[in-house]
Amino acid sequence: MKKIRLSTTHMIMMSFALVILVGTLLLMLPISSADGKSASFEDALFTATTSTCVTGLVVAPTATVWSTFGHIVILLLIQIGGLGLITVMAAFVVFLNKKIGLSDRILLQDSFNLNNISGIASFVKKVVIGTFIVEGIGALLYMTVFVPEFGLKGIWISVFNSVSAFCNAGIDIIGENSLCDYATNPVINITTSLLIIISGIGFIVWWDIIRVTRNIKKQGIKAFKGLTLHSKIALSVTFILLFSGTAMIFLFEKDNPLTMGTCTTPEKLMMSFFQSVTTRTAGFAAIPQEYLTDSSAIVCLFLMFIGGSPVGTAGGIKTVTLAVLFATVISSIKNRDEVTLFGRNIPKITCTKAISVTCISFAIMSLSTLLLSVYSNGSFLDIIYETVSATATVGLSRNLTSTFNTACKLIITANMYLGRVGPISLAVAFKLKNTNTNIIKNPTEDISVG
């Protein structure tokens, strides 16, 4: 019997599927539900998927539908999903002072989308420790608001919210309105925004910033030049998207009485900034998404589609992908052979991958929008908002998720899974292996495009 050899891509996809399956079975237990009755398979599967894929779309309020045990299961799924099962398992090996084998190092390399396996064990250790430190600080900041309001229960709410925000899950156990009741609370807004941004820029940017920060005393402001090209792109695009998004949302919503029209100007700016941040795959809502103007909703669609940065907990096509796409277009317009960013040439394979990621993501969203329009009674804007949110693992909804039938739930469940494992992983997983070593190249012929 021929032995089946799984690629690292297959193993990564299967690891997420395994976590989702275990989470589904646990959430179907009567102890997981607040009413003591077993949840339906479709609801348990949807919740396990949205937690593991750190999306945040929910078919029913998390705070009231699930018991404390259910909340613990969901929190574990969020943490494992944010870091990845492979990372969690490797972390146990590292902290037990065991060596990670070559095959496992390669698996971790693909899981984090790194360029090499050098120092992978140290990288995993720093990622886990850094994650817990940031989540711990976030929980302490949340406690200053939630403990006075909820008592000792506020500690649990703070921990849950901090993990959910850092992992860009957007799931909370406060109530049915997400963070809408805290839309003007600076502590909640700033803490949540920082957790989302810090995790969204990517782990490798963390260490690069720390490395450069140590040299600031010697080099001053020029230390920014010491950042890697990846970090420069990720930070620059993040900054541009956050503040341009804030400006546009403020402009389109400042007079909308259903969102922020009755607030003061500082409050409007804070709410606009939070909306710009949360669309970067976080999913917490400080204002009801269904009341956004069409202009703001379109802006949010673009922000959700782009998402955060690579090698982090965020989804979307990623900031670096957007920068490479833009640079490729500029290079084509100027009729240049090289694609450059910050004075560095970008490899053609990277440009091709950026185009592939964008096209496959767009194809998945388009197909799911078409399917959802068949089985759902929602408006076109509500449907496309839902599909982009699911595929980019954002978790924001225009109050459509709760109306889903079984078919709609399965469509969005598939979207969330595909969005988390990544469009390229999907394409690689189903590619046919070429066993012919004598490859004959086809002749080249020019065609007209555009």
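Our structure's up above, just so we're on the same page.
Keep in mind that what you see is a predicted model, and the values were worked out from it rather than measured.

(A) Representation of unusual backbone geometry within the structure. The phi torsion at Val-54 lies on the positive side, around 40°, for a residue other than glycine. When you line up the elements, Val-54 lands in the loop between α2 (41–52) and α3 (62–65). Despite not being glycine, Thr-281 shows a phi value in the positive range, around 85°. The exposure class assigned to Thr-281 is buried, which follows from its relative accessible area of 0%.

(B) Examining the pattern of salt bridges more closely. Using the criterion set out here, one finds 5 salt bridges in the structure. Of the charged contacts in the structure, one is a salt bridge between Lys-254 and Asp-255, with a shortest N-O distance of 3.0 Å. Among the residues examined, Asp-255 registers a relative accessible area of 60% and is labelled exposed. Because the salt bridges share partners, they merge into one network encompassing Glu-42, Asp-43 and Lys-409.

(C) Representation of the packing of aromatic side chains in the model. Across all of its chains, the model carries 9 aromatic pairs by this definition. Look at Phe-146 and Tyr-182: their rings are 5.6 Å apart centre to centre, the planes differ by 90°, and that puts the pair in the edge-to-face class. In this pair, Phe-146 sits in helix α7 (residues 120–150) while Tyr-182 sits in the loop between α8 (153–166) and α9 (186–200), placing the two residues 36 residues apart along the sequence. Judged on exposure class, the residue Phe-146 and its partner Tyr-182 are both buried.

Parameters at a glance
- In this convention, every chain numbers its residues from 1, walking through the sequence in written order.
- Only residues with pLDDT of at least 70 are given local features in this predicted model, and only at 80 or more are side-chain atom pairs given and counted; all residues enter the totals for whole chains, interfaces and linings.
- Where side-chain values are given, they derive from all heavy atoms of the structure, hydrogens and water being excluded.
- Counting from the N terminus, the helices are DSSP H or I runs at least four residues long and the strands are E runs at least two residues long.
- Accessibility here uses a 1.4 Å probe with only protein chains present; expressed as a share of the type maximum, an area under 20% marks a residue as buried, one over 50% as exposed, and anything in between as partly exposed.
- Salt bridge criterion: a side-chain nitrogen from Lys or Arg within 4 Å of a carboxyl oxygen from Asp or Glu.
- Pairing of aromatic rings covers Phe, Tyr and Trp, the last through its six-membered ring, and needs centres within 6.5 Å; plane angles under 30 degrees mean stacked, over 60 mean edge-to-face, and all others mean tilted.

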